[in-house]
Amino acid sequence: MLKKILVPVDGSDTALNALKFAMVIGEKFDSEIIVVNVEVPYDYTKLPPRQPKNEIEAEEMAKAPKEPSILDNAKSITEAAGYGKVMFLKTVSIDPAERISEVVVQREIDMVVMGNRGIGVVAGFFIGSVSAKVSQSVECPVIIVK
Amino acid sequence: MFKKILVPIDGSETSWRALDQAIHLAEKFDGELNIVNVIQPYNNAALLAVPLDQATITQGNTELEKIGDKVLSMAKEKMVGFKGKVDFALEVGHPSERIIALAKKNGSDSIVIGSRGLSGIAEFFLGSVSSKVSQYATIPVLIVK
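Residues numbered from 1 in each chain as written. Chains lettered and ligands numbered in written order. Predicted model: local features only at pLDDT ≥ 70, side-chain atom pairs only at ≥ 80, totals over all residues. Heavy atoms only, no water.

**Notes on the overall build of chain B**
From N to C terminus, chain B includes six helices and five strands. Along chain B, helices (α) and strands (β) appear in the sequence β-α-β-α-α-β-α-β-α-α-β when read from the amino end. In chain B, buried positions account for 46% of the 145 residues. For chain B, the share of sequence-separated contacts (at least 6 apart) that also reach a separation of at least 24 residues comes to 78%. (Helix = DSSP H or I, 4+ residues; strand = E, 2+ residues; numbered from the N terminus. Buried < 20%, exposed > 50% of the residue type's maximum accessible area, 1.4 Å probe, protein only. Contact = heavy atoms within 4.5 Å.)

Pasting the structure below:
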């Protein structure tokens, strides 16, 4: 019944909770989990990466260990749980909800598991949250995890 | 997880699909089902046009309760083959508020609900029960299409 579960992640804790939840269901139904991260271009609410001032600083920054990306964090969670059937996707779109709905259709997803509130707490209140949009627009069942 | 599932139904097609999905999950996870139908008294445009005396209200409410009982008996028919524990309840009040309060009272660990109920155009203006429940409940909510 549940062959493919989609888990959209945005770097928030609730998204990682959703991933853990998806793994519990996935184990029962022996399903494949697809983790997707939608990057929003021109998002001015995020700080830009610090630019090096001179060559010496540039060298130092190149040496410094990179911060794990959102998908790396997700990967470490699935590896810790020992879940094998996982796939990671990264896409760029101005409207995450729309892109998530597209992925659901393209990859014939059976269920979406997502966090109710991502990183935009205040913006989510005014603009409307991604989870609410997704739950209304996709054709498959959606689980909203807190 | 999925040990105690609350399933609000209103007699619509999607709510029956939600019930099917909940049965599926309850069988897999060996869970218990709480099926509830919430009726909302005098949420009726026709009642706004007539003077609200006590007799009219009581009459309207008994009609609603009859409908609620019918929905629950339909649910009972669907649950005949189900092996696990199940109970049925009829609640009166504001649907999303009652659902969230009931989830707390029962100690449910998840809610399975249909995305779109019976209300149609009214939902466009008032906001849907499922999105309210999914935003305000503290437990995972499965929205079924």
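**Some words on the pairing of strand β4 (residues 110–114) of chain B**
All names here are of chain B. Across the five residues that make up β4, a large majority, five, are buried. Burial along β4 is two-sided: S110, V112 and G114 and I111 and I113, pointing in opposite directions, are all buried. Of the strand pairs in this sheet, strand β1 (residues 4–8) and β4 are connected by two bridges, and their pairing is parallel. For L6, the partnering residue across the bridge sits in β4 and is I111. Note: β4 against strand β5 (residues 141–144), four bridges, orientation parallel. Note that in β5 the partner of G114 across the bridge is V144. (Pairing = 2+ DSSP bridges.)

**Quick notes on the sheet that holds strand β3 (residues 86–92) of chain A**
Taken together, the ten strands give an open sheet; going across it, the order is β3(A)-β2(A)-β1(A)-β4(A)-β5(A)-β5(B)-β4(B)-β1(B)-β2(B)-β3(B), and neighbouring strands pair in mixed fashion. A strand with exactly one partner marks an edge of an open sheet, and here the two such strands are β3 of chain A together with β3 (86–92) of chain B. Strand-to-strand twist of the sheet, defined as the mean angle between neighbouring strand axes without regard to direction, takes the value 20°. Across five bridges, the pairing between strand β1 (residues 4–8) of chain A and strand β2 (residues 32–39) of chain A is parallel. For V7 of chain A, the partnering residue across the bridge sits in β2 of chain A and is V35 of chain A. The strands touched by helix α3 (residues 70–81) of chain A within the sheet are β2 and β3 of chain A, with β3 of chain A carrying the most contacts at an inclination of about 170°. (Axes fitted to C-alpha atoms, helices over the stretch in contact; angles between N-to-C directions.)

**Concerning the interface of chain A and chain B**
Counting residues at the interface gives 25 residues for chain A and 23 residues for chain B. Each partner contributes to the roughly 1,900 Å² buried at the junction of chain A and chain B, and carbon and sulfur atoms together form 60% of this total. Looking only at chain A, the three residues that lose the most surface to chain B are K28, Q136 and K146 of chain A, adding up to 28% of its buried area. Linking chain A with chain B are zero salt bridges, by the criterion used here. In this structure, the connection of chain A to chain B is made through seven residue pairs in polar contact (both at pLDDT 80 or more). Elements that contribute at least two residues to the side of chain A that touches chain B include exactly α1 (13–29), α6 (130–137) and β5 (142–145) of chain A. At six residues, α6 of chain A tops the list of elements feeding residues into the side of chain A that touches chain B. (Buried area = accessible area lost by both parts, 1.4 Å probe. Salt bridge = Lys/Arg side-chain N within 4 Å of Asp/Glu carboxyl O. Polar contact = N/O pair within 3.5 Å; in protein donor to acceptor, adjacent residues only side chain to side chain.)

**Quick look at the environment of K132 of chain B**
Residue placement: K132 of chain B occurs in helix α6 (residues 129–136). A residue is classified by how much of its surface remains accessible, and K132 of chain B, at 31% relative accessible area, is partly exposed.

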